[in-house]
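Listed here are the chains, written in short residue letters.
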Protein chains: 2
Amino acid sequence: MKKKETQIDNIEENDGNCNTNLAITKCTGETQANLASLITQYVETLNQCSFRHLGYPTNQDLNYDVLLPLLNFHLNNAGDPFLGSSFSLNSTAFEVCVLDWFANLWEIEKNEYWGYVTTGGTEGNLHGILVGREQLPDGILYTSQDSHYSIFKIARMYRMQCVKVRTLVSGEIDCVDLKALLVAHKDKPAIINLNIGTTMKGAVDDVELVIQTLEGCGFTRDRFYVHCDAALFGMMLPFLKGASRISFKKAIGSVTISGHKFLGCPIPCGVLITRLEYINALSRDIEIIGSRDATITGSRCGHAPIFLWYALKRRGLIGLQNEVQNCIMNAVYLQNRLRDAGIGAMLNEFSNIVIFERPLDDEFSRRWSLACNGNIAHVVVMQHVTIQMLDSFVSEFLQKRSIWFKDRRFQPLCIANDIGSRNCACSMHNSIS
Amino acid sequence: MKKKETQIDNIEENDGNCNTNLAITKCTGETQANLASLITQYVETLNQCSFRHLGYPTNQDLNYDVLLPLLNFHLNNAGDPFLGSSFSLNSTAFEVCVLDWFANLWEIEKNEYWGYVTTGGTEGNLHGILVGREQLPDGILYTSQDSHYSIFKIARMYRMQCVKVRTLVSGEIDCVDLKALLVAHKDKPAIINLNIGTTMKGAVDDVELVIQTLEGCGFTRDRFYVHCDAALFGMMLPFLKGASRISFKKAIGSVTISGHKFLGCPIPCGVLITRLEYINALSRDIEIIGSRDATITGSRCGHAPIFLWYALKRRGLIGLQNEVQNCIMNAVYLQNRLRDAGIGAMLNEFSNIVIFERPLDDEFSRRWSLACNGNIAHVVVMQHVTIQMLDSFVSEFLQKRSIWFKDRRFQPLCIANDIGSRNCACSMHNSIS
């Protein structure tokens, strides 16, 4: 190449912030063999990590070999999945089947719902809360203090007033506090984000109690909107005896789940289902938006709906139910193992998230990919988490603890505020050991 | 399963809106063999479509076989790529290399930039415009009428006043109109979205002229923010002799490109680069957001950065330059073929998008995946578009035209308003044939 002819002729080789092996600095292309060898090394690291991946609600028990030929196509479900696309390489046929399945699961008629496959939980929340805001433009957003941080970020993006509601020890929204807050802001409509499974404690907000509270405070159906963030538990509760239903027969406006959590998609994705009437209202100002596209991202992944379709169709309802029950059983096992060892632990009903004292050593938490918050840590017992993994984890934790607490200068912290005094195993609440 | 025990026991088999073959209705799981056969059929359809995929700016010349083993992991680069993640199965090492490469390309020092791999152009625009709004909370958003519809959608989401600016025939923003609008709204800061390649005509807004216009109207650097939507052309202009530079040495705030367009990633993705100082400002209210995560989507795809990394590293600068030049050359070929056949056509400088009369028959447009708007259609000459494909397209178009225009009741429409009178081949402007 001659000098100064194009912008790239001025490019200097630059390592920047990145890993030297991976740096993209050469002018000529790298051989496929060299790249394959870097990828092989990376896959080995990933395999090592998978064995100790305990703290995040992602299913790592994946087998998508059947779908590999699709990776050599760019698939794009741009815009509304129900309108068809002039982009011919799309997978909307798969997407609509997935949406139908969820509509059926959450009890809404096929001619009354609208939805799409999102890029993950945050996009689902972005959409649900936007629909709520467009229905009730001066509505206040209420959400519990245990909500995912994306909710507060979204309130800021959307320039909405956001009111944080207290939670019970379980992590569930405190309807007494909600009531007081609703009464204090009675003049404005309410847009409520509910957690069907909080991130940290796996607590399920009581949809019916929240709706009763709204109505009790004089909010009629046209003055509130309920969005359900059901990222992980939306796929689990329907399979558990006695669990409350996620259902559009209740006065809710939208539900979203994540596809990479329980269902185990390799890429982050999710499903959003809402009522068609809201989308029709949203599309009123078609000339302003210049499109009938009511999605957030527009150009949308065509592979994600196929991963979801495959995950659902391969398992069937029975397969899914078995997986849910197995996760819950293993979570109970972990809670028992911790308690038996004198470690305070909490496990909410219908949850696979076990909460316990935060390990003193962050290195240990990183090694097991634990998610920590304040004084507590948690393990999310997903499909890839075996009894053997849990046993290794507990025994390593006990061994480390015996070192941390050896000279009695350090003692297990009291975490009664986080998990309740009856679950705490500190010297004061030492009730379970 | 016993009746009424769990929510799923009530589920009825329901075909819903979806394709019967693909419907997910059975309680038991489907065999891998049956699913594989459905996927094989689908891949055949995709292969057929690829041969006539002319209207969209996605490169369909993909070979990611080396990366297939990664599809059996869920990878997640949750949050800020530079902060590291406690989610151990991440690819931030690859992501930072990709970001460094773009920072270098767009001339910003490694300690002065921030960025991340997005889910596509829309997320890049969502981010850039949000950063602009947070810098200038009462700023007005200016964007040309030829902008992607996502810009208008974003203005509504963010509750920003949006002013639409006229364009020249080329599709480029009209700085005379911009000036008049800026003067009329002088009291408020300006947030400008620029198109580095408009969707329909591939016109490049003149960044330097826009900045001169802003300064000429009395807008000092602290009262404007420029976001560049460089979805497709951001990867092409740097490789073209005489093209204007995308550079942070100019007074711009952010640039975004799409990864599935020129670079050919199988899933929609993109790159957003902005100035680190803005992100530090955004993170001021950490307690409110509850996180240092300045991304839009939070849970982010770990595969996309590896696809981008592979695409860049495999080609090198020289490989990329060859591909850019080849696309431009083939676009010129198509324009010439159309003109030689008496069909008016326009091709902007440094562009691979050929604009011409909209085919009378929508079926023909669908068959070739043409993107149409009003009286015009376009072909985007990407890497998978060969001379053979273009020849087939032109000869089929001519054949169809001879049928549509046979009885002289229908005549080619005048599209001088869209592509300029010197490019138009209607009976009045018939200058080129």
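None of the values given here were measured: they were computed from a predicted structure.

Conventions adopted
- Residues numbered from 1 in each chain as written.
- Chains lettered and ligands numbered in written order.
- Predicted model: local features only at pLDDT ≥ 70, side-chain atom pairs only at ≥ 80, totals over all residues.
- Heavy atoms only, no water.
- Least-squares fit on C-alpha atoms with pLDDT ≥ 70 in both.
- Contact = heavy atoms within 4.5 Å.
- Helix = DSSP H or I, 4+ residues; strand = E, 2+ residues; numbered from the N terminus.
- Buried < 20%, exposed > 50% of the residue type's maximum accessible area, 1.4 Å probe, protein only.
- Axes fitted to C-alpha atoms, helices over the stretch in contact; angles between N-to-C directions.
- Parallel < 35°, antiparallel > 145°, perpendicular 65-115°, else oblique.
- Left-handed = near helix turned anticlockwise from the far one by under 90°.
- Nonpolar A, V, L, I, M, F, W, Y, C, P; charged D, E, K, R; others polar.
- Pairing = 2+ DSSP bridges.
- Disulfide = S-S within 2.5 Å.

Draft legend 1. Geometry of the relation of the copies chain A and chain B. Of the two same-sequence chains, chain A is brought onto chain B (RMSD 0.0 Å, axial shift 0.0 Å) by a rotation of 180°. Such a combination of rotation and displacement between the chain copies is what one expects of a two-fold axis. Minimal C-alpha distance to the rotation axis in chain A is attained by A:Tyr158, lying at 2.5 Å. Looking at the interface residues of chain A, 100% of them are also at the interface in chain B, so both copies use one shared face.

Draft legend 2. Seen up close, the environment of B:Lys241. Residue and element names in this part refer to chain B. Note on placement: Lys241 falls in the loop between β5 (224–229) and β6 (254–258). The class of Lys241 is exposed, set by a relative accessible area of 56%. For the pair Lys241 and Gln41, spaced 200 residues apart in the sequence, the C-alpha separation amounts to 44 Å.

Draft legend 3. Looking closely at the packing of helix α3 (residues 121–135) of chain B against helix α4 (residues 149–157) of chain B. Residue and element names in this part refer to chain B. With their axes 10 Å apart at the nearest point, α3 and α4 run at an angle of 45° to one another. Comparing their axes, α4 and α3 come out oblique. When the axes of α3 and α4 are compared, the crossing they make is right-handed. Here Thr122, Asn125, Leu126 and Ile129 of α3 lie close against α4, whose contacting residues are Ser150, Ile151, Ile154 and Met157. Taken together, the residues of the contact of α3 with α4 break down into five nonpolar, three polar and no charged.

Draft legend 4. Up close: the sheet that holds strand β1 (residues 113–118) of chain A. All names here are of chain A. What the seven strands build is an open sheet, ordered β1-β7-β6-β5-β4-β2-β3; its pairing is mixed. This sheet does not close on itself; its edge strands, each paired only once, are β1 and β3 (162–165). With strand direction ignored, the average angle separating the axes of adjacent strands in the sheet is 15°. Where strand β6 (residues 254–258) meets strand β7 (residues 270–275), five bridges bridge the pair, whose relative direction is antiparallel. Each residue of the ladder has a partner; that of Ser258, found in β7, is Gly270.

Draft legend 5. Structural context of the state of the cysteines. Considering all chains together, one arrives at one disulfide over all chains under this definition. Note on cysteine connectivity: A:Cys18 is disulfide-linked to B:Cys97, with sulfurs 2.4 Å apart. Its S-S torsion of about 100° marks the bond between A:Cys18 and B:Cys97 as right-handed, since a negative value means left-handed. Of this pair, A:Cys18 sits in the segment before α1 (32–50) while B:Cys97 sits in helix α2 (residues 92–105), each in a different chain. Considered together, A:Cys18 and B:Cys97 belong to a single accessibility category, that of buried residues. Here A:Cys217 is not disulfide-linked; the sulfur of A:Cys175 is the nearest cysteine sulfur, at 9.6 Å.

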